[in-house]
Every structure is written in C-alpha cells, then in structure tokens.
Amino acid sequence: MRKMLLAALSRVLQGPAAATAAAAGRTASRVVVASRNYADFASEATFEIKKCDLHRLEEGPSTTAVMTREEGLHYYKTMQTIRRMELKSDQLYKQKIIRGFCHLYDGQEACCVGLEVAIKPTDHVITAYRAHGFTYARGVPVREILAELTGRKGGCVKGKGGSMHMYTKNFYGGNGIVGAQVPLGAGIALACKYFGKNEVCFTLYGDGAANQGQIFETYNMAALWKLPCVFICENNRYGMGTSVERAAASTDYYKRGDFIPGLRVDGMDILCVREATKFAADYCRSGKGPILMELQTYRYHGHSMSDPGISYRTREEIQEVRSKSDPITLLKDRMVNNNLASIEELKEIDVAVRKEIEEAAQFATTDPEPPLEELGNHIYFNEPPFEVRGPNQWIRYKSVS
C-alpha cells in the first residue's frame, strides 16, 4: 500500500513537467508532419484544358497546360485579392464612401490574371471602365486602387480618376466611353510597330461595346497595317441590363473581325486564358497582324452599382455559375486534387488577403482628399508646368506633370 501511495505522489509531482514534455513532443510531431507534407507537394502538374473554337486558324492554343506550384499559389492569391477588393468596394459604395460610377469585376478574375501572367511587363493593356482587376494585375497596390475609388490623395491617379479612370505604366485605363478604347489600343499598337518594338497591345472591350461602329473601323486599319494588336472581347453574357442574344444578331464575337483570325476561350479557366493569350501574343509578335479573342466569362454583380443585376437574370442563374464555374474554386480544386497545395495553406492565403484588404480600406477612408490647387495637375506627361484656367477666368492653376 505504501509503495502505491509513493508512486501516485511521484506522478503528481512530475505531472506539470511531464505534461509540458508531452505537449512539446506533440508540437514537434506536428512540425515534422507539416514539414513532410510541404516537402511532399508536387512541384508542377499537367492539366487538360478546353479546346478553343477557331476562326481562320489552322491550329490553336495547346489543350494541355503545365502549372507549377509557385505559379498556382500566385494565381490563387492574385485572384482572391481582386475578389475581396471588389467585395470591399461594394461595401464602401453602399456606405456612400465611394460615389459616382463603379463597375465591379468579381467573377471575371481569370481573364485579367490569366492575361497578365502570359504577357511581358513591356506589353500594353487598355480596357473599358470595368478596370479594377486589370489595374491590380498590372502592379498597382490595393490601397492605391481603393484610395482612388474614395477620391483620396493616395490614389493611383491622386484621387482625380475614380473607378473608371485608373492608369499605371503600360496600362492606359479604364475608359468611360463605350468602345472608345479600341481605336486607342490600335494607336498604341501602331506606336509599337512604328518604333520597332517587339511589343503587343492588348485591347479589351465588352460584349455590349462589340456592336460599336468604331470597333469595325479599327479592325480594318489594324488588318491593313498588320498592327500587333490583340482585340479581346470579354463576353460576360450581359451588356447594360441586356443579354447578348437580345443585343447582337451574331454572338460569335471571335468571328466578328471577318478577315482577322479569332479564337473563343473559356474565360472562367485561368489556364485556358493564359495559354490562349500566349498563342495570340506569339501570333502578333511574328508580324502576322492582329488577332481576336473572345473570353466567355460572367460577372456576379450587376453592370454597375446602380444595377441590382437580377431584373434581367435570376438569382438561380448567378448561383449556378458560382457553384459550377467559379474561377477561384476551379483553380483551388485543381491545386488540391493534384497535390500542389493543401486546403490549410490556401486558407492561410485567404486570411492574409482579408487582412491586406482591411488595411487598404482603412487607408482609403482616412487618407486626405487632394487639395483644390492640384485640380489642374497631370494633364500632360513629362511637360513643363503651365497655367490652367479655373472655374472662372480670374482663377488660375498651375499644371504640374
């Protein structure tokens, strides 16, 4: 009996130390397991992707795509950042912190990210007013985009452009006039050819703009002069409250160039967009002239924040696209199923992205508005200062590049 009591007392006295040792052992074992799991991830995987529909082309992009683990993680974080940034923009707009026009990009993330990862930083991009995703993909930080949306001095164009007019190096917006960016894009391509640069201009427009006459005039000039221009129609199935079937006699937008080759791409699959963009860029760089791409995609929000988006389509339709074709979910499933990442690792990225967005939103709501004296600034790039007349003839501002 005495021996049993002494043994019990010994266990009690050693309890805290033993528990600590056991806990340390469990922690070490978790670290070892985690290290082993990370080491066991595949470095890359090969995927079968949807074949593109072709127009005036004998061969199209590859139907297989190789994606490394590092690429997949980068694609996932970039698309998730754009998604969260747009959802935060929605919230700030409803709080009346963002005013004016605002066109959100959630649902279409595979288009801008797939395009950006397939081109060179020296290539050029111009798009319409649904531009937040492209602005981020081209290298503008989230805080500068959100600050621009709220009209603050720290915005990417100093708070004077808002949602529809954002710019950075080799990115020309963000254009508010429907379809007007297409001839501008051809002009950029003409400059690339004129200066002998091996660069391409990617000119984007929506299905709603695809019926504009200026687009067909631009096709003609680009084909005549063999401009290195990739015309890209982001077909998200609805213009401003109108389905493509009600707006266009032909919805084969990739054939609209007639004499210009074209391809129709699954715009919800980042690998499809990436491979098609590489193909189109190589086509232009070879001196063959312009090419058309139609990206079949979908927007989750309405046309703009003034459009609820459910008067001309059903909630069930939106939910079905979300459940079956969401670009982020598709990438996530591919990575997990092919041992390129774990669910836990991707959740950690989600947490980091949410934190970044919240910090950016805090900056965008506390940064000061630009002073009135800067109203005339940045009219021209790299020019000497000059005077600009203000609201009346007695007020003068100095414009600084």
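Right above here is the structure, for reference.
This one's a predicted model, so the numbers in the text were calculated from it and none came from an experiment.

## Description of the overall build of the protein chain
When its secondary structure is counted, the protein chain shows twelve helices and ten strands. Its C-alpha atoms put the protein chain at 105 × 65 × 45 Å along the principal axes. A buried classification covers 49% of the 401 residues belonging to the protein chain. For the protein chain, long-range pairs separated by at least 24 residues make up 71% of all intrachain contacts whose partners lie at least 6 apart in sequence. Surface exposure of the protein chain reaches about 20200 Å², of which carbon and sulfur atoms provide 54%.

## Quick notes on unusual backbone geometry
For residues that are not glycine, phi is negative in most cases, and the peptide bond is trans in most cases. A positive phi angle, near 65°, is found at Lys96, a position not held by glycine. Positive phi, normally seen in glycine, also occurs at Asn170, with a value near 60°. Tracing the backbone through its elements, the reader meets Asn170 in the loop between helix 5 (142–149) and helix 6 (181–194).

## As for helix 3 (residues 109–116)
Think of an α-helix as turning once every 3.6 residues; residues three or four places apart then point the same way. Burial of helix 3 is extensive: eight of the eight residues sit out of reach of the surface. For helix 3, every residue scored as buried is listed here: Glu109, Ala110, Cys111, Cys112, Val113, Gly114, Leu115 and Glu116.

## Quick word on the side chain of Glu199
Of note, Glu199 is situated in the loop between helix 6 and strand 5 (201–206). The charged side chain of Glu199 is buried without a salt bridge, its nearest counter-charge being Lys197 at 4.6 Å. Here the side chain of Glu199 touches His124 through a polar contact of 2.7 Å, side chain to side chain. Every residue in contact with Glu199, bar those within four places of it in the chain, is listed here: Thr122, Asp123, His124, Cys192, Pro228 and Arg285.

## Structural notes on the layout of surface pockets
Of the pockets and cavities examined, the largest pocket occupies roughly 500 Å³. In terms of lining residues, the largest pocket is bounded by 16 residues, among which Val157, Tyr167, His378, Tyr380 and Phe381 are the most central. For the lining of the largest pocket, the residue count by class is seven nonpolar, seven polar and two charged. The space that makes up the second largest pocket amounts to roughly 420 Å³. Around the second largest pocket sit 29 residues that line it, and Tyr129, Gly206, Gly208, Ala209 and His303 are the ones nearest its centre. For the lining of the second largest pocket, the secondary structure elements donating two or more residues are strand 5 and helix 8 (244–247).

## Here's the deal with the packing of aromatic side chains
Considering all chains together, one arrives at eight aromatic pairs under this definition. Aromatic pair Phe216 and Tyr219: ring centres 5.5 Å apart, planes at 80°, arrangement edge-to-face. Taken together, the positions of Phe216 and Tyr219, both in helix 7 (residues 213–224) and three residues apart, correspond to about one turn of that helix. With 5.7 Å between their ring centres and 50° between their planes, Tyr380 and Phe386 make a pair best called tilted. Taking the ring centre of Tyr300 as reference, the NZ or CZ of Arg322 above it sits at 4.0 Å.

## Some thoughts on the pairing of strand 5
With five of six residues buried, strand 5 lies mostly within the body of the structure. As defined by bridge partners, strand 4 (residues 124–126) adjoins strand 5 across three bridges and the pair is classed as parallel. Counterpart to Ile126 in the pairing with strand 5 is Thr203. As defined by bridge partners, strand 5 adjoins strand 6 (residues 229–235) across six bridges and the pair is classed as parallel. Bridge pairing in strand 6 links Phe202 to Val230.

## Comments concerning the nonpolar core
Membership of the largest hydrophobic core comes to 70 residues, with the highest contact counts inside it found for Phe202, Val230 and Met293. At nine residues, the largest contribution of residues to this core is made by helix 9 (residues 270–285). Those residues in contact with Met293 that lie beyond four places of it in its chain are Val230, Phe231, Ile232, Cys233, Leu263, Val265, Ala276, Thr277 and Ala280. In terms of nonpolar packing, the next biggest core, distinct from the first, is built from 21 residues, Val182, Ala189, Cys229 and Phe231 among them.

## Regarding empty space enclosed by the protein
Overall, the coordinates contain one cavity of 30 Å³ or more when judged by the stated rule. If you add up the space inside the largest cavity, you get close to 60 Å³. Together, Lys50, Lys51, Cys52, Asp53, Arg264, Val265, Asp266 and Gln296 line the largest cavity. Looking at the lining of the largest cavity, the element that brings in the most residues is strand 7 (residues 262–266), giving three residues. For the lining of the largest cavity, the class distribution of residues is two nonpolar, one polar and five charged.

Each value, and the rule that gives it
- Residues numbered from 1 in each chain as written.
- Predicted model: local features only at pLDDT ≥ 70, side-chain atom pairs only at ≥ 80, totals over all residues.
- Heavy atoms only, no water.
- Helix = DSSP H or I, 4+ residues; strand = E, 2+ residues; numbered from the N terminus.
- Buried < 20%, exposed > 50% of the residue type's maximum accessible area, 1.4 Å probe, protein only.
- Contact = heavy atoms within 4.5 Å.
- Areas by Shrake-Rupley, 256 points an atom, 1.4 Å probe, with all protein chains shown as cover.
- Lys, Arg positive; Asp, Glu negative; His and termini not counted.
- Salt bridge = Lys/Arg side-chain N within 4 Å of Asp/Glu carboxyl O.
- Polar contact = N/O pair within 3.5 Å; in protein donor to acceptor, adjacent residues only side chain to side chain.
- 1 Å grid on protein atoms, 1.4 Å probe; cavity = no way out; pocket = protein on both sides within 12 Å on 5 of 7 lines; lining within 4 Å.
- Points joined across faces, edges and corners; volume = space filled by probe spheres on them.
- Nonpolar A, V, L, I, M, F, W, Y, C, P; charged D, E, K, R; others polar.
- Phe/Tyr/Trp six-rings, centres within 6.5 Å; stacked < 30°, edge-to-face > 60°.
- Lys NZ or Arg CZ within 6 Å of the ring centre and 35° of its normal.
- Pairing = 2+ DSSP bridges.
- Core = buried A, V, L, I, M, F, W, Y, C linked by side-chain atoms within 4.5 Å.

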